[in-house]
Amino acid sequence: MNSEEFRQRGREMVDYIANYLDNISERRVTPNVEPGYLRPILPEAAPQEGESFEEIMADVESKIMPGVTHWQHPRFHAYFPSGNSYPSILGDMLSDGIGCIGFSWAASPACTELETIVVDWLGQMVGLPETFLSFPESSIGGGVIQSSASECVFVSLLAARAHKIRELKISHPEEDEGVLLSKLIAYCSKEAHSCVEKAAMMAFTKLRILEPDANQSLRGDTLADQMARDKEMGLIPFYVETTLGSTSCCSFDNIKEIGPVCEQYGVWLHVDGAYAGSSFICPELRAPMAGIEYASSFNLNTNKLMLTNFDCSVMWVRDKFRLTQALVVDPLYLQHSYSEQSIDYRHWGIPLSRRFRALKLWFVIRTYGISGLQRYIRGHCRLAKLFESLVLQDDRFEVCSPVHLGLVCFRLNGSNAVNQKLLSSINASGRLHMVPASLGEKYVIRFCVCAENASDDDIEHAWSVIAEFATDLKEMMAEDALITDNTKDGDRKNEDENTEEVFHMVNRKTRHSLRYKRSCFVRMVSDPKIYNPKILPNHPGSRRMRHHTVANGMDGNTTSLLPIGQSEDDSNCLEILRKDTTSRSPSPRSNSPPLTRTKSDISDKMRMCDLLDCERMNNKNEIF
């Protein structure tokens, strides 16, 4: 492709993207496909000769788009927003065209310097103290753009681990680093993102999961009590992860209380503001930031609530030398004569290669300005309050947690199974897309305002769909109950007739709404036991115990995280699986002190989840 054809195809691609976003509401929000749909319709091997651009784009629409979940769709209310805007797309286009790899200042001076400037802009916009910024002369802090919040958490944990081991080596020079590492323990709330558990697993450190309060907020007293007990047992606290805007319900840990505890114990405090962090651009939303001056590091995702497309997660540290000392590797071929006068961002993260991501953030901030971004964020908050008001007007439903920013957690009055069935039916229809969360023992449905141009009509439409499905579900439950009663009183002939009536009724409902089509995709986003193995109980037969994750109640006692809505059949099935696995793979003996009961490696939990789900599906098929 030469420059002339690139100009032509570039215009065509811009038109395609613009048309896609303008008409996205005409598409089904979630794909109606099964795993493996794409393999049979694509060639088994790459083409020997090049194909035309027309052929490639024809396949995009006919083969790729049917398998796309449309995150920019006005009916997409799952997870969190996937930030996007035309200025951001254009900034990324320019970055791709320049094609520089900015691992050091010498590799591309503008790439490095614009990142430093734009990240400082953003730090000022959200109200961070000057100690987190690069340019004040008295500051030793600074910021960097990482790929995701998960990377920010992992990098901060690695830096905290390295710093604590250096400290311990000074006071215990005779101790091996492996011994010191075995004593380190990190902390987070049960509401923290799963990436914290993964980071601890990859860093070979223990992680203690603490119970939040009734508002899903981790408090200082809970942390202080547990740290004191761990110190008595010979463990060494080194890292605390807190969250501002949790994934399940957008709750906020109490940084003002937790900060002094971390300072007392000399612990690295990381604050993850992946979703809520961008909202602090609005001064009236900054209350949860109280105590941020105690933090060692802080991150937010501009690709969630700031109209910047993935990937663009910004991380600040109060002491950049503590960060870089854990990550510096400096071979001769990467050194340059300006290293003492400039920042080399290859020392601030895991990858060496770095894209020119600052361009799209620069484009977005300059295009919208602070006031434009504030209007966008406040608009999402207003729409969430509108949805909350619609839920509260219907006495069949309840709001399950305080509404913060653009997220509302609600449920239909009734059992967890009823709410799971409601969500599965809605998602299967393709008319809306939402995902669940677990708050305490309750299965709740998360409704998040996601679309850039979301309006009151979109919110009211979403509620009308939810209310319609709730009405149908209640009617079907009443009819099922009546049929069940008649079956108990009648003979086998009546039972067969009633069963036939049930099938006719379900078929009618299916033809009208497709709400009983349970694809693998729908089940994944509707059943937390499938996509979140963290809530499954322990698998005691695992031999892999190198990573320890412990969960504690408010009283400090270890608790078992059971799946919500677990039936007696599920419990029996799980017990059989436990006995079978234990008999084949007995737990190894350990000479270490019995600190707490530990959860097994995540792969074992996934296996348990798969086995349990298959058993349940087999039981259902036998009944059917």
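Residues numbered from 1 in each chain as written. Predicted model: local features only at pLDDT ≥ 70, side-chain atom pairs only at ≥ 80, totals over all residues. Heavy atoms only, no water.

Draft legend 1. Summary view of the environment of Glu 54. As for its placement among the helices and strands, Glu 54 is situated in helix H2 (residues 53-64). It is 9.5 Å that separates the C-alpha atoms of Glu 54 and Arg 9, two residues lying 45 residues apart in sequence. Among the polar contacts made by the side chain of Glu 54, one reaches the side chain of Arg 9 at a distance of 2.8 Å. (Helix = DSSP H or I, 4+ residues; strand = E, 2+ residues; numbered from the N terminus. Polar contact = N/O pair within 3.5 Å; in protein donor to acceptor, adjacent residues only side chain to side chain.)

Draft legend 2. Up close: helix H1 (residues 3-22). Here H1 is 20 residues long and its end C-alpha atoms lie 28 Å apart, about the 28 Å a rise of 1.5 Å per residue gives. Measuring from the side-chain oxygen of the N-cap residue of H1 to the backbone nitrogen of Glu 4 gives 3.2 Å; that N-cap residue is Asn 2. (Expected span 1.5 Å × (residues − 1).)

Draft legend 3. Up close: helix H3 (residues 86-98). In this model H3 runs 18 Å from its N-terminal to its C-terminal C-alpha over 13 residues, within 8% of the 18 Å that 1.5 Å per residue would give. Of all the residues in H3, the buried ones are Pro 87, Ser 88, Ile 89, Gly 91, Asp 92 and Ser 95. Buried residues in H3 make contact with H1 and helix H12 (358-392). Phi turns positive, to about 65°, at Gly 99, one or two residues after H3. (Buried < 20%, exposed > 50% of the residue type's maximum accessible area, 1.4 Å probe, protein only. Contact = heavy atoms within 4.5 Å.)

Draft legend 4. Layout of the pairing of strand S3 (residues 206-210). S3 sits mainly inside the fold: five of its five residues count as buried. The alternating pattern of S3 places Lys 206, Arg 208 and Leu 210 and Leu 207 and Ile 209 on opposite faces, both of which are buried. Alignment of strand S2 (residues 184-189) against S3, held across five bridges, turns out to be parallel. Within S3, the residue paired with Ile 185 across the bridge is Lys 206. Note on the crossover from S2 through helix H7 (residues 194-202) to S3: the handedness is right-handed. (Pairing = 2+ DSSP bridges. Right-handed = clockwise from strand over helix to strand, strands pointing away.)

Draft legend 5. Representation of the sheet that holds strand S8 (residues 397-399) in the model. Across the sheet, which stays open at both edges, the four strands sit in the order S8-S9-S11-S10 with antiparallel pairing between neighbours. Two strands lie at the open edges of the sheet, namely S8 and strand S10 (435-439), each paired on one side alone. Along the sheet, successive strands turn relative to each other by an average axial angle of 40°, direction set aside. Packed on one face of the sheet, H12 meets S8, strand S9 (407-412) and strand S11 (442-448) and runs near 15° to S9. Against the sheet, helix H13 (residues 416-429) makes contact with S8, S9, S10 and S11, and its axis sits at roughly 30° relative to S11, the strand it touches most. (Axes fitted to C-alpha atoms, helices over the stretch in contact; angles between N-to-C directions.)

Draft legend 6. Quick peek at the nonpolar core. Core analysis: the biggest nonpolar cluster contains 71 residues, and Leu 122, Leu 223, Val 240, Phe 298, Trp 316 and Leu 361 have the highest contact counts within it. Per element, the largest residue contribution to this core is nine residues, and it comes from H12. Grouped together as the second largest cluster of nonpolar side chains are 35 residues, Cys 152, Leu 180, Ile 236 and Tyr 239 included. (Core = buried A, V, L, I, M, F, W, Y, C linked by side-chain atoms within 4.5 Å.)

Draft legend 7. Summary view of the side chain of Asn 299. Position of Asn 299 relative to the elements: it lies in strand S6 (residues 297-301). Engagement of the side chain of Asn 299 in a polar contact is seen with the side chain of Asp 272, the distance being 3.1 Å. Those residues within four positions of Asn 299 in sequence are excluded, and the remaining contacts are Ala 149, Cys 152, His 270, Val 271, Asp 272, Gly 273, Ala 274, Ser 313, Val 314 and Met 315.

Draft legend 8. Representation of the packing of aromatic side chains. Throughout the structure, instances matching the rule amount to 14 aromatic pairs. Aromatic side chains Phe 76 and Tyr 79 sit 6.3 Å apart centroid to centroid with 35° between the ring planes, which places their arrangement in the tilted category. What makes Tyr 79 partly exposed here is its relative accessible area of 30%. An aromatic cluster is built from Phe 387, Phe 397, Phe 410, Phe 447 and Trp 463, whose rings are joined through pairwise contacts. (Phe/Tyr/Trp six-rings, centres within 6.5 Å; stacked < 30°, edge-to-face > 60°.)

Draft legend 9. Highlighting the side chain of Ser 297. Mapped onto the secondary structure, Ser 297 falls in strand S6. Classification of Ser 297 as buried rests on a relative accessible area of 0%.

Draft legend 10. Just the pattern of salt bridges, in detail. Under the counting rule described, the total for this entry stands at 29 salt bridges. For Asp 213, the salt bridge is made with Arg 219, and the minimal N-O distance between the two is 3.2 Å. Arg 219 sits in the partly exposed class, given a relative accessible area of 31%. Ionic pairing is found between Asp 311 and Arg 355, a salt bridge with its closest N-O pair at 2.7 Å. (Salt bridge = Lys/Arg side-chain N within 4 Å of Asp/Glu carboxyl O.)

Draft legend 11. Examining the confidence of the model for the protein more closely. With 77% of its residues at a pLDDT of at least 70, the protein reaches an overall mean of 82. Every residue in residues 553-571 scores below 50 in pLDDT, and together they form 47 contacts with partners more than four places removed in sequence or on other chains. Taken together, the stretch residues 620-624 has pLDDT below 50 and engages in one contact with residues farther than four places along the chain or on a different chain. (pLDDT = per-residue confidence, 0-100.)

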